[in-house]
Structures are given as C-alpha cells and as structure tokens.
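Report on the structure
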Amino acid sequence: MQITVNGNNTGIEPKMNIRQYLGTRQIDLAGVVVEINQKIIKKQEWEITELKDGDIVELISFVGGG
Amino acid sequence: MQITVNGNNTGIEPKMNIRQYLGTRQIDLAGVVVEINQKIIKKQEWEITELKDGDIVELISFVGGG
Amino acid sequence: MQITVNGNNTGIEPKMNIRQYLGTRQIDLAGVVVEINQKIIKKQEWEITELKDGDIVELISFVGGG
Amino acid sequence: MQITVNGNNTGIEPKMNIRQYLGTRQIDLAGVVVEINQKIIKKQEWEITELKDGDIVELISFVGGG
Amino acid sequence: MEDQLVIANKKLKSRFLLGTGKFKHKDELKMTIHASEAEIVTVALRRIDLDKNSDNILSYIPDNIILLTNTSGARNADEAVRIARIAREAGYGNWVKIEVINDSKYLLPDNAETIKATQILAAEGFVVLPYMQPDLYAARALVEVGAAAIMPLGSLIGSNQGVKMETMIEILINEIKMVPIIVDAGIGRPSQAAYAMEMGADAVLINTAVATADNPVLIAEAFAKSIMAGRLAYLAKMANVKTEAEASSPLTGFLRA
Amino acid sequence: MEDQLVIANKKLKSRFLLGTGKFKHKDELKMTIHASEAEIVTVALRRIDLDKNSDNILSYIPDNIILLTNTSGARNADEAVRIARIAREAGYGNWVKIEVINDSKYLLPDNAETIKATQILAAEGFVVLPYMQPDLYAARALVEVGAAAIMPLGSLIGSNQGVKMETMIEILINEIKMVPIIVDAGIGRPSQAAYAMEMGADAVLINTAVATADNPVLIAEAFAKSIMAGRLAYLAKMANVKTEAEASSPLTGFLRA
Amino acid sequence: MEDQLVIANKKLKSRFLLGTGKFKHKDELKMTIHASEAEIVTVALRRIDLDKNSDNILSYIPDNIILLTNTSGARNADEAVRIARIAREAGYGNWVKIEVINDSKYLLPDNAETIKATQILAAEGFVVLPYMQPDLYAARALVEVGAAAIMPLGSLIGSNQGVKMETMIEILINEIKMVPIIVDAGIGRPSQAAYAMEMGADAVLINTAVATADNPVLIAEAFAKSIMAGRLAYLAKMANVKTEAEASSPLTGFLRA
Amino acid sequence: MEDQLVIANKKLKSRFLLGTGKFKHKDELKMTIHASEAEIVTVALRRIDLDKNSDNILSYIPDNIILLTNTSGARNADEAVRIARIAREAGYGNWVKIEVINDSKYLLPDNAETIKATQILAAEGFVVLPYMQPDLYAARALVEVGAAAIMPLGSLIGSNQGVKMETMIEILINEIKMVPIIVDAGIGRPSQAAYAMEMGADAVLINTAVATADNPVLIAEAFAKSIMAGRLAYLAKMANVKTEAEASSPLTGFLRA
C-alpha cells in the first residue's frame, strides 16, 4: 500500500492506524500534528484512524522560529 | 423660488437657467464647475438647464492645494 | 577689626583664631575649607591661625555638581 | 662629481648650474621648485647657482591633492 | 543627455512638482512657479465663496503647466472619485492626485481606499497619481489598477522632516519599475529633496516647505537646483561611504628624504 | 542679488572648492573643474619622479583658477611652513591650505600644530586656510593668528559620511563671524553639501566624492548645483520642522454640505 | 510598583518576547530563555524530517513559557489560518503570531491578508498577535477584528537596523490604546530595544539579534536589562532634549572675589 | 564573570558615574544614588552662604562613595588647579574632575588648558579625570601627562542629545587603551547610555538627565540597567547590521507539498 508522507512516497503495511504507523518511525511525539489529506487528525483519533492507500500524510512539529 | 447654493438658501427668479443665474453673481467663471443635486452640469448645458425650486446647487472652483 | 569673608566686609573681635571665628557662625564644618589671602589653611592649623585686620577669607564647601 | 637628487645619488659634470642641470633631464619646468640643502633657490638664481659636490637637491612640483 | 521624466506618456524636463497651498501672497505664486521650473502644479477644489470676490488661482498659473487636482477632503474612495470627476469637468485636464485621508490628526493616506479610487478613475481615463503610505503591496496593487505614478509620503505632511520613511521608499524604488516614484509630503529642505533623488526617486512634490519659507521664490529656485543635483548624482553613481579615513592627497613626503 | 564669498578680499562667485587628488584619468580633471564652476582648486606638492615623464597637473587647471596648495604630508608646524614656502616659490600665488596630520589611521588634523603654522605663515603674508578639527577654542585661536578662513572637517577625510561633526560646526558657524567657514573633508553626496550650506557654512571643499564617483564631471555639476541650492535655502530662511502633520490643501469639504 | 503587561488577560512581568530561530547550538537556547526572563517565546512549524532524528525544540523550552506559534511560510490569509489550526492541535495553547509574507526579498508582512487571517482566527478563539507594517488604518482594522496585540516591524526582519519606522510606530503608540503594541523585527541592539520602550512601546520581540550574537546568553541578559531600562525611563518621564548647553554645576565662581 | 572598571587601581563594579547638580529636592539625592548603584559621585565647590543655613550635600552621600570634585567655574588651568587643591584639603580624597570652560554659551571644555591642569595635578598625586572635547591628539596628551581616565563629551552639556560626537569618541575608544574612556555630558536617555557602552566606552557620567527627570530615582535605576545592558552587549559581541531582510523562521513551506 502506498502513501505520501511529508512529500515522499512510502510503502506501508495495510490496515495500519496512525498511532501504529508513527510507532514504526522514531519520532518524539511531543507537539506532533498529523494532517491527512489536508484534514487535521486529532490525537485522540490516531488509534481509530486507519491509513488508506493514496493518503497524503503530513507530520508536522515545532521548530525554532521568530 | 428657493434654491440652496453652496449651503445657503437663496431666493431667485423663476425660469432662470444656470448661465443666467451665474450672471447675477460676480464670479470669474474660469474653472468653475456646477453640480445640481450631486450631478455635474456640463458647461455646454448651462444655457439649457433651468433651475428648479429646491435645487441644491454647488459652485466649485480651484484653490491652492498641495 | 575688619576682614572680608566670602566677599563681604565684617567687623570681628581682635585676636580670634579661625576655629573661634567659625564658632561664631553656624556652619556645618564637614568639608569646609578655609583660604586666607588665597592660601589654604589646613584644618589642624585653624586653632593656631589668628585672623588679622584686612584678611581676605574664603569659606568654601561642597555643593551638588556634575 | 656626486649629488643627491630626490633621494638618489647621481654623478654629474662639474661646473654645472641649476638651469643647465635641469636641461639634462626632461622636466616640464612649470611650477618646479628647487631646494638645495633645504634652501629654496629662486628661479632667477638658477643660472647663477652652481651645483657643488655633495649637494642635496630636491626637485618638487605640483600634483593632485585635496 | 536626454534624461526625462515620463508620466502617462508625457515627457517632462522638471522633476519638481509644486503644490500651491498655503501661500501667504498669491502674487508670489506666479514667480515661485517660474523659479521652480515645475511643469506640474497641484491645486485643490473648493466651494466658491459667493460673498467675497476672491482671486482665481488659475490666473496665477501659466497655461503650459499641467494642473494636477488633489482630491483633498475625500475620506473614502467614493468622495475622491466624485472630486476627480468635478475636476475634469472644469476643463483643465484629467490629471488627478488621489488623496484619501481618514484621520484628521496625522493626515495619513488610506491605502485601501486609495487603491479603490485609483482603479475606478484609471478605468475612466484619468491620469491618476495616488498619494500613499509607502507599502510594497499597496504600491503593486496601485500599479496593477492603473496608477500613472505612485506618490509615497516621505514623512508626515507639512512636517518638513524629510525622508523618514526611507526604508520603505527605498524598497519601492528598487521594486516598482513600471511607473515613476514621486516622493510627496514631508520634504522640508533642499538637502532632503536631493537625498530623495540620490536614492533614485523619479521626482518630488513639495508644497509646505516652499509656501511657508520666508522667501518662497528663492527657496523654489533652491529646490529646483537641489532636485537636479540629486538626479545628476544618481546618474553619476556616487562614491561609497567608508568607515575609515582615506587620504585625498599624496602623503609620501619629500620632507623625510 | 549680490551674494559673494570673500576670502582675503578676493570676491568669489562659487562656494565650491574642488580638490584634485585621486582622479583616475587626469584628462577628466579639466572638464570636472569646468563643471564644478570652482574658482579655487587644491593641489599638493611632491618630488618630481625623474624616471617617468609624468603629466604636469597644472596643465589641466585653467589660468584664472586660484591654486590652494595643501601642505599634506606635514606632521608638524615646521614641515607645513616649509611646504608652504616651497609652494609660494613655485610662482602660483600664496594661498595655502595648512594640513598637519600626525596620525596615519584617521588622518585627523592636529589643531595645536595647525595654529602654530598658521601664525607663522600669516605673518609672512600667506593667505592661510587651515584644515582643522572643529573646536571653538582652536577656531578662535586660528582667527586671532591670521587665518583667512577656517576649514573644519565634516567627517573623516575620504569617508563620504557627511557632516557628522554637526554639533561643533554649528557652533563655529554661530560664533566665528570674522572669516568664512569652509566645511572640508567627509562630504560625500550633493545632499550633504546642501545640508552644510543650509546650516550656514560659507563654502565646502570636496575631493574624494568627486574624483571617485563613476562620472566625476556629472557629479561635479551635481555638487555645484546642490551647493548653490543650500546657499539659496539659507538665504531664503527655511520653514521649521514640525512634529505634527499640517495640511497643505483646504480640507473643509464641499462634499458634506 | 505593579507595572504589568497584559495580553488577552494574561498578566506578564516581562516585556521581552524571544524568538527561537537561527540558534547555532540548541542547548544554548534553554539558558538564553532563562537569561532573557521572557515569558512568551515564538516557535514555528515544519514538516518533521523523517530521515534524521532531530531534536525536539520543545524540550528546550520550560513548561511555564507561553508558546507563540508563528505562521511563517504563509503567503496569504488561508495558509496562515491553516497553520494556526495545526498549531493549536499540537496541544500547546492557542497563541498565534500571524505572519503573512508575499515577497521573498524584503519579507514584508501583507497587512490586508493579515487582517483577514486575524479576523478568522480571533473568531475561532485564538489569541492573535499579528505582525504588520506600521500603518494606522491597518492597526485600527486589526484591533477591530480582534487582535490581542499588534506587532509592527521596527525595520526589515533580521536587519538589526533598529526602529527605522519610528514615525509610524510613534503614531500607533499614540493612537492604539486598546491593545499592546509590540515592536517586532529589526531590533539589533539593547540600545535600540531601550529606545523602542522609551517611546512607549509595550514590549519588543527579538530573535536574530540574540540568536546570532557571539554569546546569545549574555546578549539576552543585556536585552532584558535594556528593555526594563526603557520601560522605567518611560514611566519616569525623561527630561527633554535641549538645543543649547546647560550647566549641571554652579558656575558662579568664588575665584573672582 | 569578573568585569570590572579600574580607575587609578580602584576596582569598581558600577560603570555609572552620577552627578549631583540640579536636583530639585535634595532628599531625593540619597535614594537616587542608591538606585543608580554608582560608586563615584561628582560634586562641586562653592562659597558657603553665610546668611542661610543651607544643607550640606555631603550628608546625602553615603560614606563608601568616591567623591569626584568638579573644578567647574575654572576658566583656565590655574583656576582649576586652585580648586582641586581646595577640594583635597576638604578631606574627602584626591579625585578631581578637571573642567575648564572659557565660553559661557556652549560650555565647551578647553582642551589646551585642561592638559596643563592635568599635568600639574597628576604630578601632585591627584587622581585626575579630565572632561574634554573628543580629540585624539588631546586625549593622547592627557594620557601622557597622567590622566587616570579621559572624559570626552557626548554632546553639549545638559542637552540630552546623546552621543553626537560619535565619530571622535569611537576613535578614542579604538586608540586610547591605557586608561578608561568615560562619556561625560549630553547623555539624556537610557538608550543613549546603552549605545555609548555598546560602542565600547568604559563608563558614562550622567547628571542632568537624572536630576531633571520627573522621577530621578526611577530614571537612575533605568540608567543603571541600561549601562549594564550596553556593557554586556559589548562583551557579547553583537550581530552586525544588515542592509537586507533575513528570515528568522524557516520559510520552506510544508503547505505547498
């Protein structure tokens, strides 16, 4: 199954929810926001939101800024 | 017959056109513009435009400005 | 006996030394300097320095300054 | 015979006056001043002033300046 | 050398636009215009005072001068448009300075309303010169809707403080290349006018500093010269500022031989 | 109007003294002098280079121009005096600019030595124009010992920073009335020259900003105009700076009748 | 004395908002925040880089600090709104700095788009601090649509030029009384921060000048002190500038008796 | 960090020298000195007024403060020397500020006389801090004859104009390394004091701006903080001024994926 994460195509296992997917990457989850197809997915919905083929996923977090 | 000229009420003779009215005042006509009821009256129409009772007339001309 | 103190003529008793003279005026002596005839009289010499007729005495002290 | 001209030693023929010496170099004489041994030699004295062995000669003229 | 200012296809020799407000003696105005060598002069409109027979300003302005009517008094785009149309009807051309002010204390132009008025009037065929607060986005919008030049303020109108808005005016000069930039308002001295021109402004508009000087005719001549000076300096490409001293005369001394 | 600069009884129309150092192409110098309208031009002295047949600067300077020889290179009064005497002997007049510098980094004039040199040379009949750091006491001393004008620096020589020493130059302008004040050094742009003149300086001396511009002839014309502009503005008595806005057009609107 | 800054009912002791961009060493950030005594710190949002395990900036910012997320990268109101919503979802509060920039060279905020974004986000309950070009009309519009403070630029972002937009910022300070004025962008030195506060600004936001100093911790302390100094000076009502000298010591001499 | 000011081997924590003239209420002076954290305070001398029993200024100055007596009123070196000797005799130490003024309008120090007085008094063992016009040659001479620090004026005394003599003070800071440079006179605001310190001045002396503020105690605290701020900034090495904008936030957008 193919999704786009932060602009890059990636193959992932099917039937994976967001939290599971994030678990496969080593990311500090503090302050991370997930958008799928330009819609924000709230943290409490990560476990119940399954990734679908073709999803455009944005993983966003804080950086230094002025 | 009563009209308002530049904010002041004035009695005038009836059946007077604009050019006639202006002739009754001593005004240097260079650069003068006449508005009646917020509508500009072109110079060539001064003679064919008769003043009516209640008309609101503005006589405007150039002054120094920056 | 006449002396000049800070520009003003004053009559004083003869045989008076500086300390005695200063005692006749109510002056806070902290930081006061005495010049007689443009010569500074050190504090320890006040008692042994007698005022003479015609002396020009300057009594100087600190004020606010920048 | 040796003289120093503008800091450089030069051999010259003996019995040469200033005007003669200047004639041997190609110099535009407008505004030129001659100092010998720190003494200015006026223009009218150039012909009557003979160079002597060891003379320190400065030839000076105008340049651009602010 | 041909160095001309072109506004709406009109070729101009002078880069000095002169305002005619605040003159103490109107008879000085004619001589002042002459001394300024201005080819564009601003005027305003007002109700005729029917009670006193006041002088007509037009009689002091030579015929070959372009009249640029200021919409002063307008508080929004609609009022500015109305004034501009009246001005055109007066028969002295279609050049208009849009001035929309909604603040009686600082007399700052309202860029948003100015853009609206410019759009309407440019579409009606006016030659529109909008007075504005220097803002790159507003300047771009003005050019897009048809302004024939843009006229950013140098500092508060009538303040004689010079080009205080330097940072933003410099940006306009660098970025707006389709129409001339005319620094309007706040220029109080010939040195300040020269400075605006050295920066690369295409022209300056001055009123208060001329009209309220002790000798308006003389100061107009001074401004004319300084504006030319600033323009020539811009064309001559000036030497850079240095933080260190640099001798202009040869220092190597013949004295220490 | 008769508005002349008078130095040592010499009446001058131009208030622009031009320096001749640093020109890249000497043939530009003649045209530059012409464009500047300068009547006084500075030069310096140097040992003739006997090895190469270099151009004589004098051939580029018209005959009617007053040569003002700079004592540049002098580190004390004695050296300045020696250079001045050499200059006079050259046969081009007795005008001398005293420049005594004892610091190779900032090239600041040494006021104390400058006063000494001025005294000696004025007594010998020279027309002495001392270059100085603006200091009221030094200026008074220079006038007392016979300076024909005083020439305070505007900012570091060759820096093009303008009239950074404004506070002190203003004091000199207010207090020294017996001889002209010529702002020398640091003026880098026509706007700065105009500013110095608006302050009330009697003249300015410029070299680096002209010689190192891309186009010296054009910038010389620009400076000439700006110096005249600044002078006229001074004579016209300029309007004051205001902290608030002030309308130049009538704002009372006919629109709200 | 109780002198507090209040933004959206939040009472703050510090008038120094610190930006966190451009730090060379992230571990300096924590100490810098401490030294600054800032209570509000700006951050931005970016895609996580999945390839390298980069540090999370939040781990360097103490918990009691208010995070103010910058919408940098937004080119119009819609993009700014989208970024703000993402920021809120991250769970670190609802304070947002609207920064809409449509010009990659000067990085100037677009006031018109900023007003739109402010209106939408304020209505959604955000605490909105818009970064803006100082323009009285735009400031009034921002207050009207619900801005919690307005943040005019002092000069070009990252330029360290100080309060070049002084004329317009002074007007904002005089006229906008309903919300605080925070000078944002361009402040490069403690003296400039003090100056902004002396003028009457309620606070300043600084990033580049801290992050790119040789010693960010030390300069943060310097800025903190200077901002307090400027505030105290504003409260103490400073003595006026005088054009003339005025003795501070008694000059009447006892020496001339 | 040990960052001390050392004058004549005396180590000082504060870089703020406070003048005591012009205070409206003497009882404020004590609190003002406390708020300023100054360790050196200037005073002057005057004939005692025998008719009214005026307060003794010394009772308002804590014992641990160094008294620096100003020779104000002196018009030449001899008078300054006489005043200094009187001051020493008073028994409060041998620190003296040489102030020789020969001009009642601008109150400018006379460098030549100041050098003479410094030489005499330094030889007699005084700690001499000469007030001067910033001039590199005069500064070098003062160091040579034994000045313990040099105190150039920032601008006209009492004018609150700040560091107008910037060009020359910068040169002194760069070149005079043997003794501290204390900017004295003209500093009117904390931002100006910070600026002087950022330039690298070792300390500042302020009187008028404190004594004539509405609230001297508060402004003294403000100056104290700003002087520390300026010093820290100097030590932290500030970021450079840039002519262009530079983003402080990442602009590469996740929005355009």
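Residues numbered from 1 in each chain as written. Chains lettered and ligands numbered in written order. Predicted model: local features only at pLDDT ≥ 70, side-chain atom pairs only at ≥ 80, totals over all residues. Heavy atoms only, no water.

Quick word on the overall build of chain E
Scanning chain E from terminus to terminus reveals 8 helices and 10 strands. Against the 2.2 N^0.38 benchmark of 18 Å for 257 residues, chain E shows a C-alpha radius of gyration of 20 Å, consistent with a compact globule. Overall, the C-alpha framework of chain E stretches about 85 × 40 × 40 Å when taken along its three principal axes. Counting over 257 residues, chain E shows a buried share of 65%. For chain E, the proportion of contacts with a sequence separation of at least 24, taken over those separated by at least 6, is 66%. Taking the average location of the 27 positive side-chain charges in chain E and that of its 30 negative ones, the two points are 1 Å from each other. (Helix = DSSP H or I, 4+ residues; strand = E, 2+ residues; numbered from the N terminus. Rg over C-alpha atoms; globule rule 2.2 N^0.38 Å. Buried < 20%, exposed > 50% of the residue type's maximum accessible area, 1.4 Å probe, protein only. Contact = heavy atoms within 4.5 Å. Lys, Arg positive; Asp, Glu negative; His and termini not counted. Charge placed at Lys NZ, Arg CZ, Asp CG, Glu CD.)

Digging into the arrangement of the chains
At the level of C-alpha atoms, the two units chain A and chain B stay apart, their nearest approach being 42 Å. At the C-alpha level, the nearest point of chain E lies 10 Å from chain H, with no contact between them.

A word on the relation of the copies chain F and chain E
With an axial shift of 0.0 Å and an RMSD of 0.0 Å, the rotation relating chain F to chain E amounts to 180°. Considering both components of the superposition, the chain copies are consistent with a two-fold axis. Take the interface residues of chain F: 100% of them recur as interface residues in chain E, which is what a same-surface contact looks like. (Least-squares fit on C-alpha atoms with pLDDT ≥ 70 in both.)

Examining the interface of chain G and chain H
In this assembly, 69 residues from chain G lie in contact with 69 residues from chain H. Here chain G packs against chain H, burying approximately 6200 Å² in sum over the two surfaces, 61% of which is carbon and sulfur. Here chain G is connected to chain H by 4 salt bridges. In this structure, the salt-bridge partner of Glu 246 of chain G is Lys 22 of chain H, at a minimum N-O distance of 3.1 Å. The interface formed by chain G and chain H includes 22 residue pairs in polar contact (both at pLDDT 80 or more). Within the residue set of the side of chain G that touches chain H, elements represented by two or more residues are strand E4 (40–47), helix H2 (77–89), helix H6 (190–199), helix H7 (208–211) and helix H8 (216–236) of chain G. Examining the composition of the side of chain G that touches chain H, we find that 12 residues originate from one element, H8 of chain G, more than from any other. Split into classes, the residues belonging to the side of chain G that touches chain H amount to 33 nonpolar, 19 polar and 17 charged. (Buried area = accessible area lost by both parts, 1.4 Å probe. Salt bridge = Lys/Arg side-chain N within 4 Å of Asp/Glu carboxyl O. Polar contact = N/O pair within 3.5 Å; in protein donor to acceptor, adjacent residues only side chain to side chain. Nonpolar A, V, L, I, M, F, W, Y, C, P; charged D, E, K, R; others polar.)

Brief notes about the relation of the copies chain G and chain H
For the pair of chain copies, the relating transformation is a rotation about an axis with a translation along it. For these two chains of identical sequence, chain G goes onto chain H by a turn of 180° and a shift of 0.0 Å along the axis, with RMSD 0.0 Å. When the interface residues of chain G are mapped onto chain H, 100% of them are again interface residues, pointing to one common binding face.

With respect to helix H5 (residues 166–175) of chain H
Listing the buried residues of H5 of chain H in full gives Thr 167, Met 168, Ile 169, Ile 171, Leu 172 and Ile 173 of chain H. Lining the buried residues of H5 of chain H we find strand E7 (127–132), helix H4 (136–144), strand E8 (151–152), strand E9 (182–184) and helix H6 (190–199) of chain H.

Focus on the side chain of Ser 36 of chain G
Residues and elements named next belong to chain G. Considering the arrangement of structural elements, one finds Ser 36 in helix H1 (residues 26–36). Since its relative accessible area comes to 1%, Ser 36 is described here as buried. Here the side chain of Ser 36 touches Ala 38 through a polar contact of 3.0 Å, landing on its backbone nitrogen. If we ignore the near neighbours within four places in the chain, the residues touching Ser 36 are Phe 16, Leu 18, Ala 220 and Ala 224.

A few points about the packing of aromatic side chains
A full pass over the atoms with the stated rule returns 8 aromatic pairs over all chains. Measuring from centroid to centroid gives 5.8 Å for Phe 62 of chain B and Tyr 92 of chain E, while their planes differ by 85°, and the two rings are edge-to-face. Placement of Phe 62 of chain B in strand E5 (residues 56–64) and of Tyr 92 of chain E in the loop between helix H2 (77–89) and strand E6 (95–98) is noted, with the two residues assigned to different chains. Classification of Tyr 92 of chain E as partly exposed rests on a relative accessible area of 35%. (Phe/Tyr/Trp six-rings, centres within 6.5 Å; stacked < 30°, edge-to-face > 60°.)

Some words on the interface of chain F and chain E
Taken together, the contacts link 69 residues of chain F with 69 residues of chain E. Roughly 6200 Å² of surface becomes buried between chain F and chain E when both sides are summed, with 61% attributable to carbon and sulfur atoms. In this structure, the connection of chain F to chain E is made through 4 salt bridges. One can count 22 residue pairs in polar contact (both at pLDDT 80 or more) joining chain F with chain E. Of all the elements in the fold, those that place two or more residues in the side of chain F that touches chain E are strand E4 (40–47), helix H2 (77–89), helix H6 (190–199), helix H7 (208–211) and helix H8 (216–236) of chain F. Per-element tally for the side of chain F that touches chain E: the top contributor is H8 of chain F, with 12 residues.

Focus on the environment of Asn 160 of chain E
With respect to the helices and strands, the residue Asn 160 of chain E is situated in the loop between strand E8 (151–152) and helix H5 (166–175). Residues Asn 160 of chain E and Ala 209 of chain E, spaced 49 residues apart in sequence, show a C-alpha to C-alpha distance of 6.5 Å. Once residues within four sequence positions are removed from consideration, Asn 160 of chain E is found in contact with Gly 186, Ile 187, Gly 188, Gln 192, Thr 208 and Ala 209 of chain E together with Ala 239, Asn 240, Val 241 and Lys 242 of chain F. In this structure the side chain of Asn 160 of chain E is engaged in a polar contact, spanning 2.7 Å, whose partner is the backbone oxygen of Asn 240 of chain F.

Here we look at the packing of helix H4 (residues 136–144) of chain G against helix H5 (residues 166–175) of chain G
Residue and element names in this part refer to chain G. Running from N to C, H4 and H5 point in directions that differ by 40°, and their axes come no closer than 10 Å. Put simply, H4 runs oblique to H5. H5 is crossed by H4, and the crossing has right-handed handedness. The segment H4 lies against H5, with Leu 136, Ala 139 and Arg 140 engaging Ile 171, Leu 172 and Glu 175. (Axes fitted to C-alpha atoms, helices over the stretch in contact; angles between N-to-C directions. Parallel < 35°, antiparallel > 145°, perpendicular 65-115°, else oblique. Left-handed = near helix turned anticlockwise from the far one by under 90°.)

A look at the confidence of the model for chain E
Per-residue confidence for chain E gives a mean pLDDT of 93; residues scoring 70 or more make up 96%. Interface predicted TM-score (ipTM) for the complex: 0.89; the corresponding pTM is 0.90. (pLDDT = per-residue confidence, 0-100.)

Section: the packing of helix H6 (residues 190–199) of chain E against helix H8 (residues 216–236) of chain E
Residue and element names in this part refer to chain E. It is at 7 Å that the axes of H6 and H8 come closest, and there the two elements cross at 25°. In terms of axis orientation, H6 runs roughly parallel to H8. In the crossing of H6 with H8, the sense of the turn from one axis to the other is right-handed. In this structure, H6 uses Pro 190, Ala 193, Ala 194, Met 197, Glu 198 and Met 199 to contact H8, whose residues at the interface are Ile 219, Ala 222, Phe 223, Ser 226, Ile 227, Gly 230, Arg 231, Ala 233 and Tyr 234.

Looking at the nonpolar core
In this structure, Ile 150, Ile 206 and Phe 223 of chain F together with Ile 150, Ile 206 and Phe 223 of chain H are the most contacted members of the largest nonpolar core, which totals 181 residues. Ignoring anything within four residues of it in the chain, the contact list for Phe 223 of chain H reads Phe 16, Ile 187, Gly 188, Arg 189, Pro 190, Ala 193, Ile 206, Ala 209 and Val 210 of chain H. With 180 residues, the next largest nonpolar core counts Val 81 and Met 132 of chain E together with Val 43 and Phe 223 of chain G among its residues. (Core = buried A, V, L, I, M, F, W, Y, C linked by side-chain atoms within 4.5 Å.)

As for the pairing of strand E10 (residues 203–206) of chain H
All names here are of chain H. Side chains Ala 203 and Leu 205 of E10 all project onto a buried face; the interleaved residues Val 204 and Ile 206 project onto the opposite face, where all are buried too. Bridging between strand E3 (residues 16–19) and E10 involves 3 bridges; their strand directions are parallel. Residue pairing for E10: Leu 18 is matched across the bridge by Ile 206. Pairing between E9 and E10: 3 bridges, direction parallel. Counterpart to Ile 182 in the pairing with E10 is Ala 203. Between E9 and its parallel partner E10, the chain crosses via H6, and the hand of that crossover is right-handed. (Pairing = 2+ DSSP bridges. Right-handed = clockwise from strand over helix to strand, strands pointing away.)

Brief notes about the environment of Asp 3 of chain F
All names here are of chain F. Turning to its location among the elements, Asp 3 is positioned in the segment before strand E1 (5–7). C-alpha separation for the pair Asp 3 and Leu 218, spaced 215 residues apart in sequence, amounts to 25 Å. When neighbours within four sequence positions are excluded, Asp 3 is seen to be in contact with Arg 15, Arg 231 and Leu 235. In this structure the side chain of Asp 3 is engaged in a polar contact, spanning 3.2 Å, whose partner is the side chain of Arg 15. Within the local environment of Asp 3, its side chain forms a polar contact with the side chain of Arg 231, the two groups lying 2.9 Å apart.

Quick notes on the side chain of Lys 97 of chain F
In this fold, Lys 97 of chain F is placed in strand E6 (residues 95–98). Within the structure, the side chain of Lys 97 of chain F is placed 2.7 Å from the side chain of Asp 184 of chain F, a separation counted as a polar contact. Residues in contact with Lys 97 of chain F, not counting those within four places in the same chain, are Gly 66 of chain D together with Thr 42, Leu 68, Thr 69, Asn 70, Thr 71, Leu 129, Tyr 131, Met 151, Asp 184 and Leu 205 of chain F.

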